[in-house]
Amino acid sequence: MLRPLGTPRSLCLRSLPYSLSSLRFLCSSRPPTSLLPDSHREGPSSVHSVSLFFKRTEDTRKLLNLLDEKPWVTSEALTKTNKKPWKSLNVKLSSFVVSEVIRVCTDLDTGLELFTWWKEESESRLNLVTGLNSVSESKSESELESETLSEPESESDRIWVYVSVMNRLGKARRLEEMEAVAIECETEGIVSVETFTVQLCAYRDMEILDGVVKTWKRMEKFGVKPNLISYTTLLDMFAMAEMYDVAADVYLLFLWEGFFPNVKTLTVLINHMSYRGKLEAAMDVFSELAKVKVKPNELTFCALMRGYAKAEQMNKVLDLVRLFKDLGNRPNTGVFQGLFQFFLRENKTDNGDKVLLELWPESTAEDRKAMMAKYAESAWLRIDRSYAV
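Q: Please clarify how the overall build of the protein should be interpreted in this entry.
A: Counting its secondary structure elements, the protein contains 18 helices and 0 strands. Across the 389 residues of the protein, 48% fall into the buried class. Considering only contacts within the protein whose residues lie at least 6 apart along the sequence, 74% involve residues at least 24 apart. As displayed, the protein offers around 20100 Å² of accessible surface, 53% of which is attributable to carbon and sulfur atoms.

Q: Sorry, what's going on with the pattern of salt bridges here?
A: When the charged atoms of two side chains with opposite charge come close together, those side chains can pair. Evaluation of the coordinates by the stated rule reveals 13 salt bridges. Of the charged contacts in the structure, one is a salt bridge between Glu184 and Lys119, with a shortest N-O distance of 3.3 Å. Note that Glu184 is positioned in helix H7 (residues 175-187) and Lys119 in helix H4 (residues 108-130), a separation of 65 residues in sequence. Across the pair Asp353 and Arg368 runs a salt bridge, and its minimum N-O distance is 2.8 Å.

Q: Explanation requested: helix H14 (residues 298-310) in the structure shown.
A: In an α-helix, one turn spans 3.6 residues, which is why side chains three or four residues apart end up on the same side. Spanning 13 residues, H14 covers 18 Å between terminal C-alpha atoms, matching the ideal 18 Å at 1.5 Å per step. Burial analysis of H14 places 10 of its 13 residues in the buried class, the great majority of the element. Inspection of H14 places Thr300, Phe301, Cys302, Ala303, Leu304, Met305, Arg306, Gly307, Tyr308 and Ala309 among the buried residues, and these make up the whole buried set. If you follow the buried residues of H14, they end up packed against helix H12 (263-276), helix H13 (279-288), helix H15 (314-326) and helix H16 (337-345). For H14, the N-terminal capping position is held by Asn297, with its side-chain oxygen 3.1 Å away from the main-chain nitrogen of Leu299. Looking one or two places after H14, you find Glu312, whose phi comes out positive at around 60°.

Q: Looking at this model, I keep getting lost on the packing of aromatic side chains. Mind explaining?
A: Here the distance between the centres and the angle between the planes together describe a pair of aromatic rings. Scanning all chains against the criterion turns up 15 aromatic pairs. On the numbers, 6.0 Å between centres and 40° between planes, the contact of Phe196 with Phe222 is tilted. With Phe196 in helix H8 (residues 193-205) and Phe222 in the loop between helix H9 (209-221) and helix H10 (228-240), the pair connects residues that are 26 residues apart, well separated along the chain. Judged by its relative accessible area of 0%, Phe196 falls in the buried class.

Q: Is there a simple way to think about the environment of Met237 in this case?
A: Mapped onto the fold, Met237 is located in helix H10. Met237 gets classed as buried once you look at its relative accessible area, which sits at 3%. Separated by 28 residues in sequence, Met237 and Leu209 place their C-alpha atoms 6.8 Å apart.

The rules behind these values
Residues numbered from 1 in each chain as written. Predicted model: local features only at pLDDT ≥ 70, side-chain atom pairs only at ≥ 80, totals over all residues. Heavy atoms only, no water. Helix = DSSP H or I, 4+ residues; strand = E, 2+ residues; numbered from the N terminus. Buried < 20%, exposed > 50% of the residue type's maximum accessible area, 1.4 Å probe, protein only. Contact = heavy atoms within 4.5 Å. Areas by Shrake-Rupley, 256 points an atom, 1.4 Å probe, with all protein chains shown as cover. Salt bridge = Lys/Arg side-chain N within 4 Å of Asp/Glu carboxyl O. Expected span 1.5 Å × (residues − 1). Polar contact = N/O pair within 3.5 Å; in protein donor to acceptor, adjacent residues only side chain to side chain. Phe/Tyr/Trp six-rings, centres within 6.5 Å; stacked < 30°, edge-to-face > 60°.

In structure tokens, the structure reads:
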């Protein structure tokens, strides 16, 4: 069995600065089905068809163009005739389309405006559906159908809009607003493992241990079972806080819950072992990947290479570069950013040049110098201790 960061003394989190039982804190009983979304899936549930895909894609494009114009800042947008500017586009504010637009739009505040529109539209739609039996004869059946969605939606579909909003707010470090949206979700009973995990990731990215712990406790309170990403994020946070015994306990509990580690989980282990200088243990985990049929990715290699580079074992670094290429990976100009950032911070550009030469034997000295300059301009500085899940 893979053992991360050393063998824990026991299966309890006694080193936590919180009065919590480990099994209660990390191993909730299986939640009631009523508190879970309809299914665990990668995105909103819906009827899958090519025509629906193209319709959603086109609606997303139209909404993005509309939001770029920011119609709500003009006086016209406040008039009754233009209170819903998307109506003229023949666009349905389905949960899928709204979540995608919020996810990819360039301006967060613009996405939040769409979020407000969507909530108002959802509320009016709910009122319409509720009053169908008592609707007046002033509206025909076709008029009513035109005001409803062209595709069925469930509560689990709506969850993804909230996840997109909290994800954007978390990445923008607007935690108070993210927490307000989270409270809204919980008040309305719109909770799932995704709504909690996106908060865990936001707090982890800002290295706020209290936020991670409190979010986990709320997830337990609602009876939501953590998923693989939830556990991996928790493991990463405790290791970043140098609470290594606790991180090891989390990993054992992760296995006890029946989860099988994937490349992201194992990369987190390798990353933190390498950071602590436990290179032999990190290489042991790396060597086990093939046995469990997990293919290491670029970040896996980068974490291990950085550990060896820090220990000034450049031969090991170059051996890993060769293995990376032998496994069929095609290097690009953005590969191993964390490794080259390390070389730049430590003023060891000669070692960076050796790695670039191994990656691209046909490159000239001028080419490699230009690539190092590009890495120097990169904003990828936070890579040493955390692996973004």
